[in-house]
Amino acid sequence: MKIGDADDLGTLADLLLDVARLIRMVEPLGEVPTLTETEQMVMRVVDLAPGSTPSEIADRSVLQRPNVSAALRSLEAKGLVDRTERAGRNVVVRPTRAAAIALERLRTALRDVMIEATEEADIEELLALIAPLRKLELRLFALRRPSRTQMSRSDLP
């Protein structure tokens, strides 16, 4: 890799962060619960890997276990997750129907803003970014996470 390429990667990372920030400003229509950053991270794991234990959620989200526990209590109080006991003392976490409805509303709002923002852009060109961004997400995740739980490609969108 040339030095100029490395500079371009820094520019790309900065641009991705800015685009993500702008997308996060989208407010979905209808009732969508307000979540903290930690709750959002936990819900993402619960949605992508339903049936995970709180320890697996902590590992996959790279959050401290006490922070995950607090977020799970809050999400359960909001009706977004169910925690059920399985064999032994293990508890598994699954999203509720309310979480699925809220997620669908959020994705609809995000889709609508993307359609509005890309009126003149080539949508197919943007959609072609999905695969390389997923690959990058997995590699970045692998660099940041503890090695306790192995995460498969199917665990991420």
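Everything below is about the structure printed above this text.
One structure accompanies this document, and this report is about it. Each chain carries its own residue numbering, running from 1 in the direction its sequence is written. Restriction of local features to residues with pLDDT of at least 70 applies here, the model being predicted, together with a cutoff of 80 or more for giving and counting side-chain atom pairs; totals for whole chains, interfaces and linings are based on all residues. As a rule here, side-chain values cover all heavy atoms of the structure and leave hydrogens and water aside.

1. Here's the deal with the overall build of the protein chain
Move 1: Summing up its helical and strand segments, the protein chain has seven helices and two strands in all.
Move 2: Runs of H or I in DSSP of at least four residues are treated as helices and runs of E of at least two as strands, each being numbered from the N terminus. The order of α-helices and β-strands along the protein chain, N terminus first, is α-α-α-α-β-β-α-α-α.
Move 3: Out of the 157 residues in the protein chain, the part that is buried amounts to 24%.
Move 4: The accessible surface values rely on the Shrake-Rupley method and a 1.4 Å probe; as for residues, cover is taken only from the protein chains in view. A total accessible area of about 11100 Å² is found for the protein chain, and carbon and sulfur atoms account for 56% of it. In this scheme, a residue with accessible area under 20% of its type's maximum is buried, one over 50% is exposed, and one in between is partly exposed, where area comes from a 1.4 Å probe on protein chains only.

2. Remarks on the packing of helix α2 (residues 37-48) against helix α3 (residues 54-61)
Move 1: In this analysis, axes come from line fits to C-alpha atoms, helices being fitted only over the stretch in contact, and the angle between any two N-to-C directions falls in the range 0 to 180 degrees. Contact pair α2 / α3: the axes reach a minimum separation of 9 Å and the direction vectors enclose 110°. Relative to α3, the element α2 lies roughly perpendicular. Handedness of the α2/α3 crossing: right-handed. Between α2 and α3, the contacting residues are M41, V42, V45 and V46 on the first element and I57, R60 and S61 on the second.
Move 2: Of the residues in the contact of α2 with α3, the class split is five nonpolar, one polar and one charged. For classification, angles of less than 35 degrees are called roughly parallel, those exceeding 145 degrees roughly antiparallel, those between 65 and 115 degrees roughly perpendicular, and all remaining angles oblique. By convention the crossing between two helices is left-handed if the near helix lies anticlockwise of the far one by an angle smaller than a right angle, and right-handed if it lies clockwise. Here a residue-residue contact requires only that any non-hydrogen atoms of the pair lie within 4.5 Å. Classes in brief: Ala, Val, Leu, Ile, Met, Phe, Trp, Tyr, Cys and Pro nonpolar; Asp, Glu, Lys and Arg charged; the others, Gly included, polar.

3. As for the pattern of salt bridges
Move 1: Only one rule defines a salt bridge in this text: a Lys or Arg side-chain nitrogen within 4 Å of an Asp or Glu carboxyl oxygen. Tallying each qualifying case throughout the model produces six salt bridges.
Move 2: Note that R83 and E76 form a salt bridge whose closest N and O atoms lie 3.0 Å from each other.
Move 3: You can call R83 partly exposed: its relative accessible area is 29%.
Move 4: Judged by relative accessible area, E76 falls into the partly exposed class, the value being 32%.
Move 5: D112 is the salt-bridge partner of R111, the closest N and O atoms lying 2.8 Å from each other.
Move 6: We classify R111 as partly exposed; its relative accessible area is 45%.
Move 7: Here D112 falls in the partly exposed class, since its relative accessible area comes to 36%.

4. Concerning unusual backbone geometry
Generally, phi is negative for residues other than glycine and the peptide bonds are trans, each holding for most cases.
Move 1: The backbone of V62 sits at a positive phi, close to 55°, despite the residue not being glycine.
Move 2: Along the chain, the position of V62 falls in the loop between α3 and α4 (65-77).

5. Regarding the nonpolar core
Move 1: By convention a nonpolar core is built from buried Ala, Val, Leu, Ile, Met, Phe, Trp, Tyr and Cys residues, the set being connected through side-chain atoms within 4.5 Å. Judged by nonpolar contacts, the single largest core of 15 residues is most densely connected at V42, I57, V68, L72 and V81.
Move 2: Elements with a contribution of two residues or more to this core: α2, α3 and α4.

6. Regarding the packing of α2 against α4
Move 1: α4 packs onto α2 with a crossing angle of 85° between their chain directions and a minimal axis gap of 9 Å. Put simply, α2 runs roughly perpendicular to α4. On the side of α2, the interface is formed by T38, E39, V42 and M43, while α4 contributes N67, V68, A71, L72, S74 and L75.
Move 2: Grouping the amino acids of the contact of α2 with α4 by side-chain chemistry returns six nonpolar, three polar and one charged.

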